[in-house]
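Coordinate inspection notes
Below are the chains, spelled out letter by letter.
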Amino acid sequence: EEAGLQAALVERERLEEENEDLQGVSFLYGSFEPMFWWFEILDTIRKLVLTGGLIFLGPGTTEQIAISMIICLVALRIFSGFRPFIKDRHDQFSELAQWQIFFVMLSAMMIKTKIDAGGTIEEQGFYDYILLAIQFMAPSMMVYMGLKKGREVIVRRSTRGQSAARDVEGGLELTVV
């Protein structure tokens, strides 16, 4: 599978070099695996529906929030099922971002329900903290993933150095590149 992906990426790069029109739009599909070149179109439709399409359902209604939560869950399933990005960590991050949007919508639903039941917006301090925590999920995970990747690189480099030292002690000469 990895060899097939690499071959497809090489072919895509060759086609981009031959066709200047592709070079101009490669930013739209460049981060996706070649078989998912269309994924940005799907994601743009999702964004348009969540940001502008729901206005037709009645602004500020519980139904609007419920439909947006369903859209978020469908998108989450699509992102986690297809895993369209070339890099696995981008797939993980996109899934996390979908969860983040879902939980923001869930919090909005809880606030809306509380207000509809006679509460006031000033009584929503608890939800403020929940929303604040949710907003820090994705950036925190991004920092964590970066630190984890950096640690893996350091461990890999130090492991190579240790194995080279053992080989030298055993009488073999080994050059680590």
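Notes on the structure follow.

What counts and how
Residues numbered from 1 in each chain as written. Predicted model: local features only at pLDDT ≥ 70, side-chain atom pairs only at ≥ 80, totals over all residues. Heavy atoms only, no water. Helix = DSSP H or I, 4+ residues; strand = E, 2+ residues; numbered from the N terminus. Buried < 20%, exposed > 50% of the residue type's maximum accessible area, 1.4 Å probe, protein only. Contact = heavy atoms within 4.5 Å. Areas by Shrake-Rupley, 256 points an atom, 1.4 Å probe, with all protein chains shown as cover. Patch = residues over 30% accessible without salt bridge, like charges linked within 9 Å, V, L, I, M, F, W, Y side chains within 5 Å. Salt bridge = Lys/Arg side-chain N within 4 Å of Asp/Glu carboxyl O. Phe/Tyr/Trp six-rings, centres within 6.5 Å; stacked < 30°, edge-to-face > 60°. Lys, Arg positive; Asp, Glu negative; His and termini not counted. Core = buried A, V, L, I, M, F, W, Y, C linked by side-chain atoms within 4.5 Å. Charge placed at Lys NZ, Arg CZ, Asp CG, Glu CD.

The next subject is the overall build of the chain. If you tally the helices and strands in the chain, you get seven helices and zero strands. Along the chain, helices and strands appear, N-terminal first, in the series α-α-α-α-α-α-α. Buried positions account for 23% of the 177 residues belonging to the chain. Across the chain, the fraction of contacts at a sequence separation of at least 24, relative to all contacts at a separation of at least 6, is 55%. Looking at the chain as shown, the accessible area adds up to about 12,300 Å², and 65% of this sits on carbon and sulfur atoms.

On to a nonpolar patch on the surface, then. Residues Trp37, Ile41, Ile45 and Val49 make up a contiguous nonpolar surface patch of about 400 Å² in total accessible area. Along the chain, Ile45 turns up in helix 3 (residues 39–51). With relative accessibility at 47%, the residue Ile45 sits in the partly exposed group.

Applying the stated criterion across every chain yields a total of twelve aromatic pairs. With a centroid separation of 6.0 Å and an interplanar angle of 85°, the aromatic rings of Trp99 and Phe102 are classed as edge-to-face. Here the residue Trp99 and the residue Phe102 both occupy positions in helix 5 (residues 88–116), the gap between them amounting to three residues, near one helical turn. Given a relative accessible area of 33%, Trp99 falls into the partly exposed group. Put simply, the rings of Phe32, Phe36, Trp38, Phe39, Phe79, Phe82 and Phe85 pair up and form one aromatic cluster.

So, on to the side chain of Glu33. Relative to the elements of secondary structure, Glu33 occurs in the loop between helix 2 (20–29) and helix 3. Buried charge without a partner: Glu33 forms no salt bridge, and the closest opposite charge is Arg83, 7.4 Å away.

Turning our eyes to something else, we now look at the nonpolar core. In terms of nonpolar packing, the biggest core is built from seven residues, these being Leu50, Leu54, Ile65, Met69, Cys72, Phe102 and Met109. With three residues, the single largest contributor to this core is helix 4 (residues 62–82). In contact with Ile65, other than residues within four places in its own chain, are Met105, Ala108, Met109 and Lys112. Counting residues in hydrophobic clusters, the runner-up holds six residues, among them Phe32, Phe36, Ala75 and Phe85.

Moving on to a positive patch on the surface. There is a patch of like positive charges on the surface, built from Lys87, Arg89, Lys149, Arg156, Arg157 and Arg160. In terms of residues, the positive patch owes the most to one element, helix 7 (residues 137–169), which gives four residues. Tracing the backbone through its elements, the reader meets Lys149 in helix 7.

What follows is about the pattern of salt bridges. In the structure shown here, the tally under the stated rule is four salt bridges. Across the salt bridge formed by Glu11 and Arg14, the nearest N and O atoms sit 2.3 Å from each other. Within this pair, Glu11 and its partner Arg14 are both found in helix 1 (residues 2–18), separated by three residues, close to a single helical turn. Measuring nitrogen to oxygen at the nearest pair gives 2.8 Å for the salt bridge that ties Asp43 to Arg46. Note that Asp43 and Arg46 are positioned in helix 3 at a spacing of three residues, about one turn of the helix. You can call Asp43 buried: its relative accessible area is 11%. By sharing partners, the salt bridges in this structure join Glu11, Arg14 and Glu18 into a single network.

Okay, unusual backbone geometry next. Leaving glycine aside, a negative phi is the common case for residues, and trans is the common case for peptide bonds. Of note in this structure, Arg83 is not a glycine but carries a positive phi near 50°. Residue position: Arg83 is located in the loop between helix 4 and helix 5.

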